[in-house]
Amino acid sequence: MIKETYEEIIKLEQNRQDHNVELIASENFPSKRVLNAAGSILTNKYAEGYSGKRYYGGCEFIDMIETKAIEDVCKLFNCKYANVQPHCGSSANQAVYRALINTGDTVMGMDLGSGGHLTHGHKMSFSGQDYNIVSYGVDENGIINYDNFKNLLYEHNPQMVIVGASSYSRIIDYKIFADIIEEYAKSNNGEKPYYMVDMAHVAGLIAGGVHPSPFPYADVVTSTTHKTLRGPRGGLILTNSEDIIKKINRAVFPGIQGGPLEHIIAAKGICFEEAAKSEFKEYANQIVKNAKAFSEEFIKEGWKVISGGTDNHMFVLDVYNSIGITGKEAEEELDKIHITVNKNQTPNDELPPLKSSGIRIGTPAMTTKGWKEKDFIMLAKIIMEYMQEYKNGNVENCRELYINKVQNIIKNIKNN
Ligand SMILES: Cc1ncc(COP(=O)(O)O)c(C=O)c1O
């Protein structure tokens, strides 16, 4: 039995978030405005349907919220249509499959080990179970293998291709994929697969203008709102096609969801508004500068970073091939000195997922807290030294010392 009250447990989690270095690449700290909207009385309202076409009365203000959020997200990403109702990134992706293709159709997505997401075709997800998946991946340098993608496209004639990733640290060139698909269409009577981009991880970098946009190349774009975009936990779908948005809207509701979370939609709207500001551009730029400085410190000391560095908000550190410990061990040990990371498979990993050779390291959350390059460089040194102590079997003797070193960085930043 858990004795603590819910309020007490929330305080415990607040304390953990205040005293841990959050390096999970998909997490962030949204603004008070976003949190207030997410915890607001909008949660009381049922609003099945869409603005102007609801199945419940009393939706005039809800309609204003949802319409405004749609206007703001379309302006932010420079596209025509949006659905902001998906409860999360996975349901946004599921809605696209349901809207555009049939069960059993062929879909190409990046494999999990190369950086793709479960919903891009993993066998444990609806995507791998209900569709015929052809996976593409990265080359021996950890860079997307465009030739491999092209060959598989011609060989398998998919109905949809998915571009986007959860742990790929280089710029994804959406135009190259579009060009390959256009070229393929010429040899296929003009027929081509739907081109879907899942920009969940880099949405904030695209909004901040430091990464290229999937528009005008993609037919449909999905995202989460809680990663680099720094909003509430949720999903969204964007397109420039009237025909596609009609299908998407039907697939989201009544296809796979019921009443929309209007409190979360208001919080999404606020995050779109915030992401359009010049401060957010600076934030996005700093995320990337921090990730580059952080990864370079490991590389300088001879540690192995997949693809040899990063262009975005994260990188995968191959701890197994750097000092012979597994990603699981690194995740658990770093947690003990209040550094939070997640184990992550490396391309063609020889270890199983629950062990993994790598850890994924991201900078969005601590950049929100004001961390700069010098802070991440200091942290890289702490991580390397501490992991080495662990490897040498000496970790029990020095854990306190490293806990203090980590807390000192946090304190210094708070005081600045
Ligand atoms: C690329 C990508 N797409 C979709 C998702 C799914 O998002 P959610 O966890 O909100 O379902 C993730 C989550 O990590 C992701 O990285």
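Structure shown above.
Asker: Just give me the short version of the overall build of the protein chain, but keep the residues and values in it.
Answerer: Helix and strand content of the protein chain: 16 helices and 15 strands. The C-alpha radius of gyration computed for the protein chain amounts to 22 Å, which stays within 12% of the reference 22 Å derived for 416 residues, consistent with globular compactness. Overall size of the protein chain, expressed as C-alpha extent along the three principal axes, is 65 × 50 × 45 Å. Out of the 416 residues belonging to the protein chain, those deemed buried represent 48%. Restricting to contacts in the protein chain with at least 6 residues of sequence separation, those with at least 24 account for 72%.

Asker: Account for unusual backbone geometry, with residues named and values stated.
Answerer: Here the residue pair Phe 215 and Pro 216 is connected by a cis peptide bond, since its omega of 10 degrees sits within 30 degrees of zero. With respect to the helices, strands and loops of the structure, Pro 216 is situated in the loop between α8 (203–207) and β9 (220–224). Even without being a glycine, Asn 189 presents a positive backbone phi close to 55 degrees. Among the secondary structure elements, Asn 189 is positioned in the loop between α7 (174–186) and β8 (194–198).

Asker: Outline the sheet that holds β8, listing residues and values.
Answerer: The strand order across the open sheet formed by seven strands is β4-β10-β9-β8-β7-β5-β6, and the pairing between neighbours is mixed. For this open sheet the edge positions go to β4 (81–83) and β6 (132–136), each flanked by a neighbour on one side alone. Averaged over neighbouring strand pairs, the angle between their axes works out to 20 degrees when direction is ignored. Helix α6 (residues 146–156) contacts β5 (106–110) and β6 of the sheet and is inclined by roughly 155 degrees relative to β6.

Asker: Describe the pairing of strand β12 (residues 314–318), listing the residues and the values that go with them.
Answerer: The buried fraction of β12 amounts to five of the five residues, a majority that puts the element mostly inside the structure. Burial of β12 is two-sided: the residues Met 314, Val 316 and Asp 318 facing one way and the residues Phe 315 and Leu 317 facing the other way are all buried. With two bridges joining them, strand β11 (residues 304–305) and β12 adopt antiparallel strand pairing. Opposite Val 305, over in β12, you have Leu 317 as the bridge partner. Both β12 and strand β15 (residues 358–362) contribute to a ladder of five bridges, which runs antiparallel. Counted as the bridge partner of Leu 317 is Ile 359 from β15.

Asker: Lay out the pairing of β5 with the relevant residues and their values.
Answerer: The element β5 is largely enclosed, with a buried count of four among its five residues. Here β5 runs beside β6; their pairing, made up of five bridges, is parallel. Across the sheet, residue Met 110 finds its bridge partner in β6, namely Tyr 136. Bridge count for β5 against strand β7 (residues 160–163) is two bridges, and the pairing is parallel. When the sheet's bridge partners are listed, Val 107 is paired in β7 with Met 160.

Asker: Which residues make up the site of the ligand, and what are the values?
Answerer: Residues in close proximity to the ligand total 15 residues, the closest being Cys 88, Gly 89, Ser 90, Ser 166 and Ala 200. The element best represented in the shell around the ligand is helix α4 (residues 89–100), accounting for three residues.

Asker: Account for the packing of helix α15 (residues 373–391) against helix α16 (residues 395–415), naming residues and giving values.
Answerer: Two elements in contact, α15 and α16, have axes separated by 10 Å at closest approach and are oriented at 170 degrees. Viewed along their axes, α15 and α16 adopt a mutual orientation that is roughly antiparallel. Contact with α15, carried on its side by Asp 375, Met 378, Leu 379, Ile 382, Tyr 386, Glu 389 and Tyr 390, involves Val 395, Cys 398, Tyr 402, Lys 405, Val 406, Ile 409 and Ile 413 of α16 and no other residues of that element. The residue inventory of the contact of α15 with α16, partitioned by class, reads 11 nonpolar, no polar and three charged.

Asker: Any details on α16? Residues and values, ideally.
Answerer: An α-helical turn contains 3.6 residues, so a residue and the one three or four places further along point in the same direction. A rise of 1.5 Å per residue sets the reference length of α16, with its 21 residues, at 30 Å; its end C-alpha atoms lie 30 Å apart and thus fit the reference within 8%. Of all bends in α16, the biggest is about 25 degrees, found at Leu 401.

Asker: Which residues make up the nonpolar core, and what values go with them?
Answerer: A general trend in soluble globular proteins is that nonpolar side chains are found buried together. The biggest cluster of nonpolar side chains holds 113 residues, and the ones touching the most others in it are Val 73, Val 96, Met 196, Ile 237 and Ile 361. When residues are assigned to domains, this core turns out to be shared by domain 1 (32–275) and domain 2 (281–415), each giving three or more. Setting aside residues no more than four positions away along its own chain, Met 196 makes contact with Val 96, Met 160, Val 161, Ile 162, Ala 218, Asp 219, Val 220 and Thr 222.

Asker: Account for the environment of Glu 333, naming residues and giving values.
Answerer: Here Glu 333 lies in helix α13 (residues 327–336). Distance in space between the C-alpha atoms of Glu 333 and Tyr 386 is 8.7 Å, their sequence separation being 53 residues. Filtering out sequence-adjacent residues up to four positions away, Glu 333 remains in contact with Tyr 390 and Val 395.

Procedures and definitions
Each chain carries its own residue numbering, running from 1 in the direction its sequence is written. At least 70 in pLDDT is required for a residue's local features to be given in this predicted model, at least 80 for side-chain atom pairs to be given and counted, and no such filter applies to totals for whole chains, interfaces and linings, which use all residues. To qualify as a helix, a DSSP run of H or I must reach at least 4 residues; to qualify as a strand, a run of E must reach at least 2; elements of each kind are numbered from the N terminus. Note on method: radius of gyration uses C-alpha positions; expected globular size equals 2.2 Å times residues raised to 0.38. Note on burial: count the other C-beta atoms lying within 10 Å of the residue's C-beta; 20 or more is buried, 12 or fewer is exposed, in between is partly exposed, and C-beta positions come from the backbone. Our contact criterion uses C-beta atoms placed from the backbone: two residues qualify when those atoms are within 7 Å. A pair of strands is treated as paired once DSSP finds two or more bridges between them. Note on definitions: angles span 0 to 180 degrees between N-to-C directions of axes, and those axes are lines fitted to C-alpha atoms, for helices only across the stretch in contact. By definition, a residue lies near a molecule or strand when the C-beta atom built from its backbone is within 6 Å of it. Throughout, the term roughly parallel applies to angles under 35 degrees, roughly antiparallel to angles over 145, roughly perpendicular to angles from 65 to 115, and oblique to all others. Polarity classes work like this: nonpolar for Ala, Val, Leu, Ile, Met, Phe, Trp, Tyr, Cys and Pro, charged for Asp, Glu, Lys and Arg, and polar for all others, with Gly in that last group. Expected helix span is computed as 1.5 Å times (number of residues minus one). Given a residue, its bend is the angle between the two axes fitted to the seven residues that end at it and to the seven that start from it. Note on terminology: a nonpolar core is a set of buried residues of type Ala, Val, Leu, Ile, Met, Phe, Trp, Tyr or Cys, with members joined through C-beta atoms within 7 Å. Domain borders in the structure are assigned automatically or taken from a domain database.

By themselves these figures say nothing about function.
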